[in-house]
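Descriptive analysis of the structure
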Amino acid sequence: MSAPARKTTGDRRYEIVQAALDLAHEHGPGNVSTGMIAGRLGLTQPAIYKHFRRKEDIWATAAQVLAEKVAENLAFARQAHSGPVNRLRCLVLAHLNLVEQTPALPELMTMRDGGREHGGFQGTILVAMSGFRQTLEREVALAIKTKVFRGDMNPADAAQLVLGLIQSMVLRMLVSRNTGVFRADGERLLDLLLDGFMAKGDAQ
């Protein structure tokens, strides 16, 4: 019987990052230790430090991975040829899916006194989310310009309402610890909100 293939350095680093994110959701970001990560993966602590010199390097890598996923969602929406409203839906639903898969993300973004360990994480993600917000505003502005959305709307205000919907669902998830809220209600509530933006009758 052949021995199982050894994991590559990239595979192991990804596992460590994912374990850290899972534990952050389960126990709170500030309570995650390298010992907990090692225990989750059946490794020793020295094995963790073989791949990451410091614990903050784990969080920095996690931030980069998640920022890249946000960027991928933005790129996917930009490449869509289905109009601004469908691109908005794509952007929001993709982000809700990202939070469902990585429920520690909002806690890591908003934790106070993150210090050196989590400060780099927050900075990287905030930059990524700034790009997300700018893309929302751009798509809303285009929907207004093409008279799909009401002409009396401010794109920044509309984008803030969309972000508010995301934030309210994130808060529900954090309180209930149930990631299923995104699938259960996300698309329905988003469509209700966007319907209120639509130009109708004389509003066009």
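Relevant structure appears above.
Residues numbered from 1 in each chain as written. Predicted model: local features only at pLDDT ≥ 70, side-chain atom pairs only at ≥ 80, totals over all residues. Heavy atoms only, no water.

Brief notes about the overall build of the chain
Along its length, the chain carries nine helices and zero strands. Secondary structure elements of the chain occur, N-terminal to C-terminal, as α-α-α-α-α-α-α-α-α. In terms of overall dimensions, the chain has a C-alpha envelope of 70 × 40 × 30 Å along the principal axes. Across the 204 residues of the chain, 41% fall into the buried class. Taking the contacts inside the chain whose residues are at least 6 apart along the sequence as the reference set, 64% of them involve residues at least 24 apart. Only carbon and sulfur atoms are counted for the fraction: they give 53% of the accessible area of the chain, which is about 11000 Å². Here the chain contributes 25 positively and 21 negatively charged side chains, and the mean placements of these two sets differ by 4 Å. (Helix = DSSP H or I, 4+ residues; strand = E, 2+ residues; numbered from the N terminus. Buried < 20%, exposed > 50% of the residue type's maximum accessible area, 1.4 Å probe, protein only. Contact = heavy atoms within 4.5 Å. Areas by Shrake-Rupley, 256 points an atom, 1.4 Å probe, with all protein chains shown as cover. Lys, Arg positive; Asp, Glu negative; His and termini not counted. Charge placed at Lys NZ, Arg CZ, Asp CG, Glu CD.)

Points about the nonpolar core
In terms of nonpolar packing, the biggest core is built from 56 residues, with Ile 37, Trp 59, Phe 121, Phe 132, Leu 136 and Phe 149 touching the most fellow members. Of all elements in the fold, only helix H1 (9-27), helix H2 (34-41), helix H4 (55-79), helix H5 (84-101), helix H6 (105-110), helix H7 (115-145), helix H8 (155-176) and helix H9 (181-197) reach the threshold of two or more residues within this core. Setting aside chain neighbours within four positions, we find Phe 121 in contact with Trp 59, Ala 62, Ala 63, Leu 66, Leu 105, Leu 108 and Met 109. (Core = buried A, V, L, I, M, F, W, Y, C linked by side-chain atoms within 4.5 Å.)

Some points on unusual backbone geometry
Backbone geometry places Lys 147, a non-glycine residue, at a positive phi of 65°. With respect to the element layout, Lys 147 can be found in the loop between H7 and H8. By relative accessible area, Lys 147 is classed as exposed at 53%. A positive phi is found at Arg 177, a non-glycine position, where the angle reads about 60°.

Some points on the environment of Leu 163
Here Leu 163 lies in helix H8. Taking C-alpha positions, Leu 163 is 39 Å from Gln 45, a pair spaced 118 residues apart along the chain. Non-local contacts of Leu 163, meaning those with residues more than four positions away in its chain, are made with Phe 132, Arg 133 and Leu 136.

Regarding the packing of aromatic side chains
The tally for this structure, following the rule as stated, stands at one aromatic pair. Relative to Phe 197, the ring of Phe 149 has its centre 5.4 Å away and its plane inclined at 75°; by these criteria the two rings are edge-to-face. In this pair, Phe 149 sits in the loop between H7 and H8 while Phe 197 sits in helix H9, placing the two residues 48 residues apart along the sequence. For the pair shown, Phe 149 and Phe 197 are each scored as buried. (Phe/Tyr/Trp six-rings, centres within 6.5 Å; stacked < 30°, edge-to-face > 60°.)

Observations concerning the pattern of salt bridges
Counted according to the given criterion, the structure contains 14 salt bridges. With a closest N to O distance of 3.7 Å, Arg 54 and Glu 56 form a salt bridge. With relative accessibility at 37%, the residue Arg 54 sits in the partly exposed group. Two residues, Glu 137 and Arg 133, come together in a salt bridge whose shortest N-O distance is 3.4 Å. In this pair, Glu 137 and Arg 133 both sit in helix H7, four residues apart, roughly one turn of the helix. Because the salt bridges share partners, they merge into one network encompassing Arg 54, Glu 56 and Asp 57. (Salt bridge = Lys/Arg side-chain N within 4 Å of Asp/Glu carboxyl O.)

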